[in-house]
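Here is what each chain is made of, one letter per residue.
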Amino acid sequence: EDQVTQSPEALRLQEGESSSLNCSYTVSGLRGLFWYRQDPGKGPEFLFTLYSAGEEKEKERLKATLTKKESFLHITAPKPEDSATYLCAVQGVGAGSYQLTFGKGTKLSVIP
Amino acid sequence: GAGVSQSPSNKVTEKGKDVELRCDPISGHTALYWYRQSLGQGLEFLIYFQGNSAPDKSGLPSDRFSAERTGGSVSTLTIQRTQQEDSAVYLCASSLTTNTEAFFGQGTRLTVV
C-alpha cells in the first residue's frame, strides 16, 4: 500500500524567511510524485510533477526536488500570498492502479 | 470549459435521501478521479475511470456509493441513503493520460442533516 507523510503539519514563516516542506513516501514503484497547493474552500491547484530521483522543477519562489524516499518543496523568500496548504501525492505502479495517494498536507502561513 | 466543473457547489440533504454529484472534466482528458476530503483529513480516493476500461472502484467506502461516466466524459457520483458521516467535500479531477498531472474542480460540499 502506497503511503505519504508530510511534515511539518503547520509552518509559520515571516515574509522573506525561506524554508522547506517535506514529503516522505513509500511506494512499490513510482510513476510520479505531484505537488499541489490548496486554498481554503477551493480544489487543489497543480504545481509540479516529478518522475525520477534527482529531478528538480521550479516555479517562481517554489522549487521541488525528489529522491528515492522523499521530496522537498523549497520556498524562497515567501510572500503572504504563498499562504496555503501544500499537498503531496504519489502515483505507484502496484496492481495496475492509477490512483493518487495524498498526504495530509502542510499548512503554510506567511506573516507580513 | 477551461477547467474541471463540478455541480452543485453546495448540497444540503436530509439523512436517508439520495444525492447525485456531477463532474464535467477537461475536454480530451481520458482519466477521471473522484476524491473525498473530510474536515482536517487528507484526500481519500474513491474511484478512477480511464477511457473505456473498467473503473477502479477500490476506494468506494460502501455499496451506497456508485459512479458512472457516460461517453467517456461527464461523470456522476451517487450516494444512496445518505448518512451524516458522508458529509465532506467531494472533489473531481481529470488528467490527459494515466500518469500525467490531475486537475481538480472546486468540489461539492455535501452536508447531511
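Residues numbered from 1 in each chain as written. Chains lettered and ligands numbered in written order. Predicted model: local features only at pLDDT ≥ 70, side-chain atom pairs only at ≥ 80, totals over all residues. Heavy atoms only, no water.

1. Remarks on the nonpolar core
All names here are of chain A. One finds Leu-33, Trp-35, Leu-73 and Tyr-86 to be the most contacted residues of the largest nonpolar core, which totals 22 residues. Among the elements of the structure, strand E2 (10–14), strand E3 (19–26), strand E4 (30–38), strand E5 (45–50), strand E7 (62–66), strand E8 (70–75), strand E9 (84–92) and strand E11 (106–111) are those that each provide at least two residues to this core. With four residues, E9 is the single largest residue contributor to this core. (Core = buried A, V, L, I, M, F, W, Y, C linked by side-chain atoms within 4.5 Å. Buried < 20%, exposed > 50% of the residue type's maximum accessible area, 1.4 Å probe, protein only. Helix = DSSP H or I, 4+ residues; strand = E, 2+ residues; numbered from the N terminus.)

2. A few points about the sheet that holds strand E1 (residues 3–7) of chain A
Residue and element names in this part refer to chain A. Taken together, the five strands give an open sheet; going across it, the order is E1-E3-E8-E7-E6, and neighbouring strands pair in antiparallel fashion. Because the sheet does not close on itself, it has two edges, and the strands there are E1 and strand E6 (56–59). Neighbour-to-neighbour, the strand axes of the sheet open up by a mean angle of 15°, direction not taken into account. Pairing geometry for E6 and E7, over four bridges, is antiparallel. Counterpart to Glu-58 in the pairing with E7 is Lys-63. (Pairing = 2+ DSSP bridges. Axes fitted to C-alpha atoms, helices over the stretch in contact; angles between N-to-C directions.)

3. As for the sheet that holds strand E6 (residues 65–69) of chain B
Residue and element names in this part refer to chain B. The four strands lie next to each other as E1-E3-E7-E6, forming an open sheet whose pairing is antiparallel. Looking at the sheet topology across the chains shown, the edges are occupied by strand E1 (5–7) and E6. The sheet shows a mean angle of 15° between the axes of neighbouring strands, direction not considered. Across five bridges, strand E3 (residues 19–24) lies against strand E7 (residues 75–79) in antiparallel orientation. For Arg-22, the partnering residue across the bridge sits in E7 and is Thr-76.

4. Looking at the interface of chain A and chain B
Tallying the contact residues gives 20 residues for chain A and 20 residues for chain B. Both sides of the chain A and chain B interface together cover about 1600 Å² of buried area, and 55% of this is carbon and sulfur. The largest share of the area that chain A buries against chain B comes from Tyr-98, Gln-99 and Phe-102 of chain A, three residues that together contribute 28% of it. Across the contact surface, chain A and chain B share eight residue pairs in polar contact (both at pLDDT 80 or more). The biggest single contributor to the side of chain A that touches chain B is E4 of chain A, with four residues. (Contact = heavy atoms within 4.5 Å. Buried area = accessible area lost by both parts, 1.4 Å probe. Polar contact = N/O pair within 3.5 Å; in protein donor to acceptor, adjacent residues only side chain to side chain.)

5. Some thoughts on the state of the cysteines
Overall, the coordinates contain two disulfides over all chains when judged by the stated rule. Note that Cys-23 of chain A is cross-linked by a disulfide to Cys-88 of chain A, the S-S spacing being 2.0 Å. Linking Cys-23 of chain A and Cys-88 of chain A, the disulfide has an S-S dihedral of approximately -60° and is accordingly described as left-handed. In this pair, Cys-23 of chain A sits in strand E3 while Cys-88 of chain A sits in strand E9, placing the two residues 65 residues apart along the sequence. At a sulfur-sulfur separation of 1.9 Å, the disulfide partner of Cys-23 of chain B is Cys-92 of chain B. Between Cys-23 of chain B and Cys-92 of chain B the sulfur-sulfur dihedral comes to about -65°; the bridge is accordingly left-handed. On the criterion of sequence distance, the pair formed by Cys-23 of chain B in strand E3 and Cys-92 of chain B in strand E8 (residues 88–95) is long-range, its members being 69 residues apart. (Disulfide = S-S within 2.5 Å.)

6. What about the packing of aromatic side chains?
Enumeration over the complete set of coordinates arrives at eleven aromatic pairs over all chains. The interplanar angle of 65° and the centroid separation of 5.8 Å between the aromatic rings of Phe-46 of chain A and Phe-103 of chain B together place this pair among those described as edge-to-face. Within this pair, whereas Phe-46 of chain A is found in strand E5, its partner Phe-103 of chain B is found in strand E9 (residues 103–104), the two belonging to separate chains. Residue Phe-103 of chain B is classed as partly exposed on the basis of its relative accessible area, which comes to 31%. A centroid spacing of 6.0 Å and a plane angle of 75° characterise the contact between Phe-102 of chain A and Phe-104 of chain B, whose relative ring orientation is edge-to-face. Here the residue Phe-102 of chain A occupies a position in strand E10 (residues 100–102), and Phe-104 of chain B occupies one in strand E9, the pair thus bridging two chains. We classify Phe-102 of chain A as buried; its relative accessible area is 9%. Classification of Phe-104 of chain B as buried rests on a relative accessible area of 10%. By the ring-pair criterion, three or more aromatic residues cluster together here, those being Tyr-36, Phe-46, Tyr-98 and Phe-102 of chain A together with Tyr-33, Tyr-35, Phe-45, Tyr-48, Phe-103 and Phe-104 of chain B. (Phe/Tyr/Trp six-rings, centres within 6.5 Å; stacked < 30°, edge-to-face > 60°.)

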